[in-house]
Every structure is written in structure tokens, then in C-alpha cells.
Amino acid sequence: MNILQELEWRGLLMDCTDMPGLAKRLEKGPITLYCGFDPTADSLHVGNLVPLLTLRRFQLCGHLPIALAGGATGLIGDPSGKTTERQLLNRETLTGNIACVKNQLRRLLEFDRPGNPARLHDNADWFAPITFLDFLRDVGKYFTVNMMIAKESVRARMEDREVGISYTEFSYMLLQAYDFCHQCGAFDCELQIGGSDQWGNITAGIDLCRKKLNRQAYGLTVPLITNADGSKFGKSVAGAIWLDPAKTSVYRFYQFWIRTDDRDVIKLLKFFTFLPKEQIDDLAAQHAQKPEARAAHKALAREVTTLIHGEAALADAVRASEILFGGELTGVSEATFNDVAGEVPTKSLDATPLEGAGTPIGDLLVLSGLCQSKGQARKDVEGGGIYLNNTRVEGTHRNVTSADLLFGKHLLLRKGKRNYVVLSR
RNA sequence: GGUAGAAUACCCAAGUGGCCAACGGGGGCAGACUGUAAAUCUGCUGGCUCACGCCUUCGAAGGUUCGAAUCCUUCUUCUACCA
């Protein structure tokens, strides 16, 4: 299977500027390709993973991937897919973000692969020296405003009189076009990939390559993921699922994949894992036959967690999951419990009196952050959704005392099926 | 710049002097059922209180009134039409 067939089978081909042309070009040998990542936060999230893993798929097929960190474009903000003007990030935040993002990019591609090592670029490197006047003369001249306003994300914002679009964001596509053109000239980069919302930016780059360098370049987009239930992929109650374990614990990361909707699980296996076709077909068959075993979900969670966080972290997350979803805590050793405690959010009990009469359960629920207010805590207890040390709390008058401490120092609070907090002293 | 209209809780949206912490829908949370699924059904969805109740909230600030989301004044923002 060549790379295009591979992507096709995985459902990762959304659009291509010139599929036959690209296929022909790939037959001739390795291609250099790039994908950009703007440092909008101090970590990438699971949504960024699809194009990033696609870069890696190309690398595994012998091509030369470039991960581009948007040190310059991040200063501006891509209007694609946004319905409102974005808040500009200040430079300090951006500097921090870019360092974090670069680190993550480094971990997911092979930079010392013999023959086709990956590269990491930062577009600030080539944008910083350019003056505004140079840019207008050397890049701006190749674009008509007519075609720029035809771009979907721009047009939508222009038609919406309530929000509008600033000149800054309007110009974004020129920056990304120049990224492609520059890398095409300087590094022989002939292909750009990205999410389907990047189509306009990519084609702008291809135009610029042709006009300025007289070179043929290609663009390929991967689909944006949609959940079967219509919700936004990669978001949980607490927000995005980040790759940084400090922002999304490995346990939560693992759980995110485990809880994938049945209807999406096979698609996500194809998108997010490197498992070969036979294995995924096999998992699909198992899933169809015995969905309650959730073999596909487990494989998905295992693969992606290992990919991002490694074997050891995966093992911890799996163990914690087994304990937390396994029912009673009786018989769990302190060492095992400590594994669990390391995986779920933890709060200090130091300021809480537990001797004598102890503290009402409601106060602890508020302290833990599981409930917003004491009133909410009471309702949750009344609804039967609160568990202390995995035993359902009956009655709102329950007082928690030092007798409830596990191993003399921990309390395991739970709301609903899967919201855990460990309180420790 | 002129004229008309709008602003309600996470979102949409009803309410046009007391029965309003505010209908309904969405979303969210929880329960039942299950497979840590989907679908379905049930409860909850401003704060404090065991509770009677109290406090804060209907764009902002003032005012009228025994009593205001609701009436008046000013301001802010948005929308429509006109210039």
C-alpha cells in the first residue's frame, strides 16, 4: 500500500488539489511535505493529532516531513473556522506556548530517522527579517483582494455585520501562503497538509508557489473529526483533551478514548493509530460481534495513550481505571491506591477537621471541586450520585471523620460514574 | 447623524406592576436500565438553610410605587430603516 492508498483506506483523504498529479509525483520518489501548528495554547490537543500523525504516516513511507511551529502566524491568528475575531495573544504567552508546542512536535516525529529525518521549523525565522513594505511588494502583489474575500471564512465574517473581520486576520492567509512558498523555495517542500478548514490557506500557498517560483505544489486536507452525537470532538466537560499530562492527566486521557461512542470507535482507530488494516478489521469484527467487550475501545485507548505518554504511563492509567471502575476498594493495597491517587485530581485535607464530629460531606464535595455549592452537593447526595471510598453516601447528614480515612490519610470521593477526587492529608 | 426596536440565567426564548428565582426548549449534572456505549425514562440545574424562610439576579445607574424583569429618566451596546 502506498501512502495515498493508506490514507484513503483510513478515511484521511478529504480533498486534494490535484490527486492524479500528486500520485504521479509520489511515484517518482520521496516528497518533502509540511504541516503548520499555531501555538494558540501551551499544548497541542487531540484535534491537532490527526494532521500530525498524518505527517508521521508520510515519514513511515519514506517521505520527509516538516512540522512548522507558527511563531509568526500565531501572533496574528487564523480566522479559518472561527466565527469571531480572536483575542491577540501577548508575546510572552506566545513564547511560552511555542516552546511547549515545539517539544511536543519533537516527540511525535523521528528527527534522526536515517534517510528521511523530520524537521522542525518556526516561521518566525523567515518572517522576522521581512519588513511590512517588503511583504506588501513581494507577497501582497500576487493576491487580489477579490480572491481573498471569496475565501469562505473571510466571506462569512464579512457578511456577519455583527462581528466583522480585522485587517490583521484578513491578512492571515498571505502569511500561510508565504510559509509554503518560502519552504518550497528553500527546502524543496512540495506538499502541504492540514485540516479541511485549511483548504483556502493551502491553495493560496500553492498559487503563490506557482506565481512566484513557477513551481507546482500540492495540497492535501484531512477531515475534521465530528462526533456521532454531534458534539465537538476532543472536548470533554473540563475542556479540551491536551497532550500535556500536566493539563490532561494520563488517566483522563486514557478514559477519554475508552469512552468513545461506539459509532466512532473504528473511525478513530484508523485516524489515531498505526495499527495495520488487518488488525483494525479484526477489531471491527470483534466490535460488531461483541460490542460490550469493548475490544476496539481498549485497543484505541491503549494505542493512543502509549503513543503520547509511553508504556509505563499507560500501565498506570489502566491499573487506575481497573480499580476505580472495579467496584469496592476493600483489599486494595496502599501501594495500589497510591497509583490511583496519582492519576486523579488530588486536594489537600490539611485545613479540614476530621477528629471528633468531623466535617459534613457537603463541605468536602465543595472543597474537592466536585460540586459548585453546598446546595448542589446536597442535591447530588439526595440523588444518590455521591460515593465516599466507593460506597454510596446515604443521607446528607453524613459527617466524615478520621475513621473514614483510607490508610490514615486519603479519602476517595466520587460523583457519578467517573468523577473522582482524592483528598489527602 | 436621524428614526424605530431590542438587551432575561450556560445558549435560545416566554414573561409587560404583586401568583417571578422567573414558562418552555437546548445543553449540562445525577439516577434507573446497560457495556465506563447509544437510545429511553426520571430528578436536578442562582446562593445560604433540615426547614418556614432569607439573600442576590432579568444590559448599567438612578427614580416612581406598599411592591418592579415589567412603569419613568439618563447612559451603554446591538439590530433595522433613513441620511
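Residues numbered from 1 in each chain as written. Chains lettered and ligands numbered in written order. Predicted model: local features only at pLDDT ≥ 70, side-chain atom pairs only at ≥ 80, totals over all residues. Heavy atoms only, no water.

(A) Quick look at the overall build of chain A. Counting secondary structure elements, chain A contains 19 helices and 15 strands. Across its three principal directions, the C-alpha atoms of chain A cover 80 × 50 × 40 Å. Counting the 425 residues in chain A, one finds 48% classified as buried. In the structure as shown, chain A presents an accessible area of about 20100 Å², 51% of it carried by carbon and sulfur atoms. (Helix = DSSP H or I, 4+ residues; strand = E, 2+ residues; numbered from the N terminus. Buried < 20%, exposed > 50% of the residue type's maximum accessible area, 1.4 Å probe, protein only. Areas by Shrake-Rupley, 256 points an atom, 1.4 Å probe, with all protein chains shown as cover.)

(B) Representation of the confidence of the model for chain A. Looking at chain A, pLDDT values average 89 and 95% of them are 70 or higher. Here the prediction assigns the complex a pTM of 0.88, and the interface score ipTM is 0.80. (pLDDT = per-residue confidence, 0-100.)

(C) Spatial organisation of the nonpolar core. Core analysis: the largest hydrophobic core is formed by 62 residues, its most contacted members being Trp257 and Phe272. At seven residues, helix α3 (residues 46–60) tops the list of elements feeding residues into this core. Beyond its immediate stretch of four places on either side in the chain, Trp257 contacts Val46, Phe233, Leu268, Phe272, His297, Leu300, Ala301, Val304 and Thr305. Membership of the second largest hydrophobic core comes to 28 residues, among which are Trp126, Val154, Ile202 and Ala217. (Core = buried A, V, L, I, M, F, W, Y, C linked by side-chain atoms within 4.5 Å. Contact = heavy atoms within 4.5 Å.)

(D) The packing of aromatic side chains, seen in detail. Applying the stated criterion across every chain, the model contains twelve aromatic pairs. Here the aromatic rings of Phe253 and Trp257 are separated by 6.0 Å at their centres, their planes lie at 65°, and the arrangement is edge-to-face. Placement of the pair is Phe253 and Trp257 together in helix α12 (residues 250–258), with a separation of four residues, close to one helical turn. The exposure class assigned to Phe253 is buried, which follows from its relative accessible area of 0%. Its end group placed over the ring of Phe274, Arg56 keeps NZ or CZ at 5.1 Å from the ring centre. (Phe/Tyr/Trp six-rings, centres within 6.5 Å; stacked < 30°, edge-to-face > 60°. Lys NZ or Arg CZ within 6 Å of the ring centre and 35° of its normal.)

(E) Inspection of the pairing of strand β2 (residues 32–37) at higher detail. The element β2 is extensively covered by neighbouring structure, given that five of its six residues are classed as buried. For β2 and strand β3 (residues 64–69), the ladder comprises six bridges, and the chain directions are parallel. Considered in β3, the bridge of Gly36 is made with Leu68. In the classification by handedness, the crossover that spans β2, the intervening α3 and the parallel β3 is right-handed. (Pairing = 2+ DSSP bridges. Right-handed = clockwise from strand over helix to strand, strands pointing away.)

(F) Quick look at the packing of helix α13 (residues 262–272) against helix α15 (residues 295–309). Across the interface, α13 lies against α15 with an axial gap of 9 Å and an inter-helix angle of 35°. In the crossing of α13 with α15, the sense of the turn from one axis to the other is left-handed. Listed contacts from α15 to Asp262, Val265, Ile266, Leu268, Leu269 and Phe272 of α13 are Ala296, His297, Ala299, Leu300, Val304 and Leu307. Here the residues of the contact of α13 with α15 sort into ten nonpolar, one polar and one charged. (Axes fitted to C-alpha atoms, helices over the stretch in contact; angles between N-to-C directions. Left-handed = near helix turned anticlockwise from the far one by under 90°. Nonpolar A, V, L, I, M, F, W, Y, C, P; charged D, E, K, R; others polar.)

(G) Local environment of a nonpolar patch on the surface. A cluster of nonpolar side chains, namely Phe132, Leu133, Leu136 and Tyr167, defines an oily patch on the protein surface of about 450 Å² accessible area. Among the elements that take part in the nonpolar patch, helix α6 (residues 132–138) stands out by supplying three residues, more than any other. Among the structural elements, Leu136 can be located in helix α6. Note on Leu136: relative accessible area 35%, which makes it partly exposed. (Patch = residues over 30% accessible without salt bridge, like charges linked within 9 Å, V, L, I, M, F, W, Y side chains within 5 Å. Salt bridge = Lys/Arg side-chain N within 4 Å of Asp/Glu carboxyl O.)

(H) Summary view of the protein's contact with RNA strand B. In the region of RNA strand B, 30 residues are neighbours, and Gln255, Asp262, Ser373, Lys417 and Asn419 sit closest. Within 4 Å of the protein, the contacting atoms of RNA strand B are 63% sugar and phosphate, with bases supplying the remainder. One of the backbone N or O atoms of Gly383 is found 3.4 Å from a sugar or linking oxygen in RNA strand B. Between a phosphate oxygen of RNA strand B and a side-chain N or O atom of Arg392, the distance comes to 3.2 Å. Among the elements of the structure, α12, α13 and α19 (374–382) are those that each provide at least two residues to the surface near RNA strand B. Ranked by residues supplied to the surface near RNA strand B, first place goes to α19 with four residues. Tallied by class, residues from the surface near RNA strand B come to four nonpolar, eleven polar and 15 charged. (Near = heavy atom within 4 Å. Polar contact = N/O pair within 3.5 Å; in protein donor to acceptor, adjacent residues only side chain to side chain.)

(I) Focus on the pairing of strand β14 (residues 410–415). The buried fraction of β14 amounts to five of the six residues, a majority that puts the element mostly inside the structure. Across three bridges, strand β11 (residues 386–388) lies against β14 in antiparallel orientation. The partner of Tyr387 across the bridge, within β14, is Arg414. Note: β14 against strand β15 (residues 419–424), six bridges, orientation antiparallel. Each bridged residue has a counterpart across the sheet, and for Leu413 the counterpart in β15 is Val421. From the end of β14 to the start of β15, which pair antiparallel, there are three residues, and Gly416 there has a positive phi angle of about 70°.

(J) Structural view of the packing of helix α16 (residues 311–324) against helix α17 (residues 334–343). Where α16 contacts α17, the two axes come as close as 9 Å, and the packing angle between them is 105°. On the basis of their axis angle, the class for α16 and α17 is roughly perpendicular. Contacts between α16 and α17 involve Asp316, Ala317, Arg319, Ala320, Ile323 and Leu324 from the first element and Thr336, Asp339, Val340 and Glu343 from the second. For the contact of α16 with α17, the class distribution of residues is five nonpolar, one polar and four charged. (Parallel < 35°, antiparallel > 145°, perpendicular 65-115°, else oblique.)

(K) Representation of the pattern of salt bridges. With the rule as written, the count across this model stands at 16 salt bridges. The closest approach of N and O atoms between Asp207 and Arg210, which form a salt bridge, is 3.1 Å. Of the two residues, Asp207 and Arg210 are both situated in helix α11 (residues 199–213); the distance of three residues between them amounts to about one turn of the helix. A salt bridge links Asp261 to Arg263, with the nearest nitrogen and oxygen atoms 2.9 Å apart. Taken together, the salt bridges that share partners define one network made up of Asp316, Arg319 and Asp339.

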